[in-house]
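# Fold and contact review
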Amino acid sequence: MKTISVLSVLATTATLASANGVINLFSQGSCSGSSASGSYVPPANCNGGCIAGSWSSARQAAADSGYIFTVYTDSSCSSGATAVRGCVNGGWHSFSYDCGS
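Notes on the structure follow. (Residues numbered from 1 in each chain as written. Predicted model: local features only at pLDDT ≥ 70, side-chain atom pairs only at ≥ 80, totals over all residues. Heavy atoms only, no water.)

### Let's talk about the pairing of strand β1 (residues 21-28)
This is how the line gets drawn: Here a strand pair is declared whenever DSSP counts at least two bridges between the two strands. Numbering of helices and strands runs from the N terminus; a helix is a DSSP stretch of H or I covering at least four residues, while a strand is a stretch of E covering at least two.
Where β1 lies against strand β2 (residues 32-40), seven bridges are found, and the strand directions are antiparallel. What sits directly across from Asn24, in β2, is Ser37. Counted along the chain from β1 to the antiparallel partner β2, the turn is three residues long, and its residue Ser30 has a positive phi close to 60°. In the sheet, β1 pairs with strand β3 (residues 51-62) via five bridges, with the strands oriented antiparallel. Across the sheet, the residue bridging to Ile23 is Gln60, located in β3.

### Here's the deal with the sheet that holds β2
In a beta sheet, neighbouring strands pair by backbone hydrogen bonds and run either parallel or antiparallel. Overall, antiparallel pairing links the six strands, which are arranged β2-β1-β3-β6-β4-β5 in an open sheet. Two strands in the sheet have a free side with no partner beyond their single neighbour: β2 and β5 (82-83). Relative to β5, strand β4 (residues 67-72) runs antiparallel, the two being bridged by two bridges. Counted as the bridge partner of Val71 is Thr82 from β5.

### As for the packing of aromatic side chains
Worth spelling out the cut-off: Centres within 6.5 Å are what make two rings of Phe, Tyr or Trp a pair, Trp counting through its six-membered ring; a difference in plane orientation under 30 degrees is then read as stacked, over 60 as edge-to-face, and the rest as tilted.
As enumerated under the stated definition, the model contains six aromatic pairs in all. Connected via pairs of aromatic rings, a cluster forms that spans Tyr40, Trp55, Tyr67, Phe69, Phe95 and Tyr97.

### Topic: the state of the cysteines
The bond known as a disulfide is covalent and runs between the sulfur atoms of two cysteines. Put simply, the rule reads: Any two cysteine sulfur atoms within 2.5 Å of one another count as a disulfide.
Across all of its chains, the model carries three disulfides by this definition. Disulfide pairing places Cys31 opposite Cys87 at an S-S distance of 2.1 Å. Looking down the S-S bond of the Cys31 and Cys87 bridge, the torsion is 110°, so its handedness is right-handed. Taken as a pair, Cys31 in the loop between β1 and β2 and Cys87 in strand β6 (residues 87-99) lie far apart in primary sequence, 56 residues in all. Shown here is the disulfide that connects Cys50 with Cys77, its sulfur atoms set 2.1 Å apart. An S-S torsion of about 90° defines the bridge between Cys50 and Cys77 as right-handed.

### A look at unusual backbone geometry
Let me state the cut-off plainly: Burial status follows relative accessibility: with a 1.4 Å probe on protein chains alone, a residue under 20% of its type maximum counts as buried, one over 50% as exposed, and anything between as partly exposed.
Positioned with a positive phi, Cys46 is a non-glycine residue whose angle comes to about 75°. Mapping Cys46 onto the fold places it in the loop between β2 and β3. Phi at Cys77 is positive, roughly 55°, even though this residue is not glycine. Looking at Cys77, the relative accessible area reads 19%, which means it is buried.

### Quick look at the pairing of β3
Regular strands place side chains that alternate from one sheet face to the opposite one. Sheet topology note: the β3/β6 ladder contains six bridges and is antiparallel. Residue pairing across strands places Ala52 opposite Ser94, the latter belonging to β6.

Encoded structure:
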C-alpha cells in the first residue's frame with residue numbers, strides 16, 4: 001500500500017513540474033467572443049518561437065515560473081510587444097512564450 005501512495009505522490013509532482021503555459025485568444029475586445037486556447041511547453045532555450053494569427057484580445061490562463069506570453073502587433077513578433085498580464089486588448093497578430101516575468 002505504501003508503494004502505491006508514494007507512486008501517486010511522485011506522479012502528481014511530476015505533472016505539476018511539467019505544467020505548460022496556456023494562452024486564451026479572443027475574436028473581440030475585453031477577452032470576449034469566440035476564443036481559442038493553446039498550451040505550450042516552456043522552451044528550454046527561453047525562446048519559444050513566434051506564432052502568427054489575428055486576435056482582438058488575449059489572456060494568459062497559466063504560465064510556468066519564469067515564463068510569460070507576449071503579444072505583438074505584427075506577424076513576426078518584432079513590433080508592439082505587450083506582456084500578457086490579465087486581459088490585453090489590441091490588434092494582435094502574433095505571440096510568443098519565452099523567459100521573462
